[in-house]
Amino acid sequence: MSEKATLLVTAVPNPNDMASVQEYLQGVMPLFTRAGGTLVKRLKVDDIIHGDASGMALVMDFDSADAITELFESDDYAELVPVRDRGFTEMDILVTQEM
């Protein structure tokens, strides 16, 4: 088993399709939980010191990087991809581990 991993997602919601944002979030959160994810924080971005703007961020801990990868490669997640793509103008999905 690989070491614990943290999922970091930054996203810019599409202001013209907030219904898809909500649909995506309602669909994806149970998948994260089912894959063993533990919510650390859901955040909204208030200010940008440097870099590109993101509207929100999510941090979740998982037992392994494999658990995260399997989740995003699943058929259940694939069904949410069109909703994600409508609801967000940009999304970065990062698998991280402690240094």
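Residues numbered from 1 in each chain as written. Predicted model: local features only at pLDDT ≥ 70, side-chain atom pairs only at ≥ 80, totals over all residues. Heavy atoms only, no water.

Asker: Sorry if this is basic, but what is going on with the overall build of the protein here?
Answerer: From N to C terminus, the protein includes three helices and four strands. Going residue by residue from the N terminus, the α and β elements of the protein occur as β-α-β-β-α-α-β. Against the compact-globule benchmark of 13 Å for 99 residues, the protein has a radius of gyration of 14 Å, which places it among compact chains. Principal axes of the C-alpha set define a box for the protein whose edges measure 40 × 35 × 15 Å. Per-residue burial for the protein yields a buried fraction of 34% across its 99 residues. In the protein, once contacts between residues fewer than 6 apart in sequence are set aside, the share between residues at least 24 apart is 78%. As presented, the protein carries roughly 6,400 Å² of accessible surface, and 52% of it is formed by carbon and sulfur atoms. (Helix = DSSP H or I, 4+ residues; strand = E, 2+ residues; numbered from the N terminus. Rg over C-alpha atoms; globule rule 2.2 N^0.38 Å. Buried < 20%, exposed > 50% of the residue type's maximum accessible area, 1.4 Å probe, protein only. Contact = heavy atoms within 4.5 Å. Areas by Shrake-Rupley, 256 points an atom, 1.4 Å probe, with all protein chains shown as cover.)

Asker: Any chance you could explain the pattern of salt bridges here in plain terms?
Answerer: Should the charged atoms of two oppositely charged side chains come close, the side chains can pair. Scanning all chains against the criterion turns up four salt bridges. K4 is paired through a salt bridge with D63; the nearest N and O atoms lie 3.2 Å apart. Taken as a pair, K4 in the segment before β1 (5–13) and D63 in the loop between β3 (56–62) and α2 (65–72) lie far apart in primary sequence, 59 residues in all. D63 sits in the partly exposed class, given a relative accessible area of 39%. R34 serves as the salt-bridge partner of D76, at 3.6 Å between the closest nitrogen and oxygen. Here D76, found in helix α3 (residues 75–87), pairs with R34, found in helix α1 (residues 18–34); they are 42 residues apart in sequence, far enough to count as distant. You can call D76 partly exposed: its relative accessible area is 39%. Given a relative accessible area of 60%, R34 falls into the exposed group. (Salt bridge = Lys/Arg side-chain N within 4 Å of Asp/Glu carboxyl O.)

Asker: Any chance you could explain the sheet that holds β1 here in plain terms?
Answerer: Two strands in a sheet stick together by hydrogen bonds in their backbones, pointing the same way (parallel) or opposite ways (antiparallel). The antiparallel open sheet is built from four strands, whose spatial order is β2-β3-β1-β4. The open sheet terminates on both sides in strands that have one partner only, identified here as β2 (38–44) and β4 (88–96). Geometrically, the sheet is characterised by an average inter-axis angle of 10° between neighbouring strands, direction not taken into account. Sheet analysis places β2 next to β3, joined by six bridges and oriented antiparallel. Bridged to L39 within β3 is M60. Contacting β1 and β4, α3 crosses the sheet at an angle of about 130° to β4. (Pairing = 2+ DSSP bridges. Axes fitted to C-alpha atoms, helices over the stretch in contact; angles between N-to-C directions.)

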